[in-house]
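Summary of structural features
Here is how the chains run, residue by residue.
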Amino acid sequence: MKRSIHHRHVAILTLTFLMLAACTGWAFTVPIIYETGSTAAPTLPCPVALSLSQEFASYQHSVHGWNYHADFGPALQKYASFVARSVFGDAQVLDSQSSRPEARLLLVPRVTSSDLAEHGGVALGIQWDFKDPKTGQTLFTMHVQCETVSPGMNPLAALRRAAGGNMTNLTSLTIQRFNASRGLQQLSGH
Amino acid sequence: MNGMRKFYVAHEEEAGRQDDRHLRSLHAVERALTDHGFPAASGLISAMPTDTDCKVLIQDHWFWDTYWYLLSLDVKFYDARSGNLLASVRERRAPPVMRRSSEFMANEVVEAVFPSSLEGSKP
């Protein structure tokens, strides 16, 4: 009984807080707790370069009305780098000045969709373009999207759990898709 | 639907479907098809190019609940020449925690109709 009253109080307080924040124009930032760990042996080893656009590297999602805001950028950078290293092993992240002449593929990810649903629903869609590093021509594309639902009484805590969980799920799904793709096996020379 | 190269996306009912929300659904389906390796265009049915292989008709139902969200997306794939229905998908997301953007839902629809596109594609 005590537990249910406690949860109800927390929910009411959070909702009141959110409504006050909405009225004053203050936005809550949903922290994205995402750790990639170390990579195992690459499955399709070949030298690749990873190009992260400014839009991708600093991607944000805002929910108007409820004043939620999530800064996906840092997590997406970690995600892209970890996926590239896990699958291809020798992956170098390019900045605007650098190039990598020996790279066999240039990987360019971009966000196609993002969602933060109140009460703990988070989704992300990523399009991966695999380009010829010399000509910039797109040789292959793959789309990966993932959603994670982690409902809870406290909307912010639920969103935090779902956001971190979704990045982890997206990472596993992307690596799984890359490894299973015959097109990528051919492009990487396997 | 093997061998279909050109897709054209339009609203099944065009009257009253020219506002931002309905155009967003239309472009989301067009973009999802293109991203999965099926070059697509979109617009009015009357403007469909004659060399279209697959006519894609959508019905989107938006709902207001403190904000506008896409409640359901129905997509039908027709052979543009014979008029035969080739595939039909209905996606509906009502609970708040399950609501997704039109882009996410459009991608789900395309991946349901073309599961082989999950392996990636050559543009």
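Given the structure is predicted, the values throughout are model-derived calculations rather than measurements. Per chain, the residues get numbers from 1 upward, laid out in the order the sequence is written. Written order determines the labels here, with chains lettered from A and ligands numbered from 1. Given that this is a predicted model, residues contribute local features only at a pLDDT of at least 70 and side-chain atom pairs are listed and counted only at 80 or more, while totals for whole chains, interfaces and linings are drawn from all residues.

**Describing the overall build of chain A**
Broken down by element type, chain A carries 5 helices and 8 strands. Taken from N to C terminus, the helices and strands of chain A fall in the order α-β-β-α-β-β-α-β-β-β-β-α-α. Looking at the 190 residues of chain A, the share that counts as buried comes to 39%. Whether two residues are in contact is decided by their C-beta atoms, placed from the backbone, lying within 7 Å. Across chain A, every contact between residues at least 6 apart in sequence was considered, and the portion connecting residues at least 24 apart equals 70%. Each helix is a run of H or I in the DSSP string that is no shorter than four residues. Each strand is a run of E no shorter than two, and both are numbered from the N terminus. As a rule, residues whose C-beta atom has 12 or fewer other C-beta atoms within 10 Å are exposed, those with 20 or more are buried, and those in between are partly exposed; C-beta atoms are placed from the backbone.

**Some thoughts on the pairing of strand S5 (residues 85-92) of chain B**
Residues and elements named next belong to chain B. For S5, the buried fraction is low: 0 of the 8 residues fall into the buried class. In the sheet, strand S4 (residues 68-79) pairs with S5 via 7 bridges, with the strands oriented antiparallel. Across the sheet, Leu-73 pairs through a bridge with Glu-91, a residue of S5. Pairing between strands is defined by DSSP: at least two bridges between them are needed. Between the antiparallel neighbours S4 and S5 lie 5 residues, among them Gly-83 with a positive phi of about 85°.

**Comments concerning the interface of chain A and chain B**
Of the residues lining the interface, 28 residues belong to chain A; the matching set on chain B comes to 20 residues. If you list the elements that add at least two residues to the side of chain A that touches chain B, you get strand S6 (105-117), strand S7 (121-131), strand S8 (138-149), helix H4 (155-180) and helix H5 (182-187) of chain A. Only Asp, Glu, Lys and Arg are considered charged in this grouping, and only Ala, Val, Leu, Ile, Met, Phe, Trp, Tyr, Cys and Pro are considered nonpolar; every other residue, Gly among them, is considered polar. By residue class, the composition of the side of chain A that touches chain B is 9 nonpolar, 14 polar and 5 charged.

**Looking at the nonpolar core**
Note on terminology: a nonpolar core is a set of buried residues of type Ala, Val, Leu, Ile, Met, Phe, Trp, Tyr or Cys, with members joined through C-beta atoms within 7 Å. Counting 70 residues, the largest nonpolar core has A:Val48, A:Ala84, A:Leu107, B:Val9, B:Val29 and B:Val56 as the members making the most contacts within it. Broken down by element, the residue count for this core peaks at 9 residues, all from helix H3 (residues 73-88) of chain A. In contact with A:Ala84, other than residues within four places in its own chain, are A:Val48, A:Leu50, A:Ala91 and A:Leu107.

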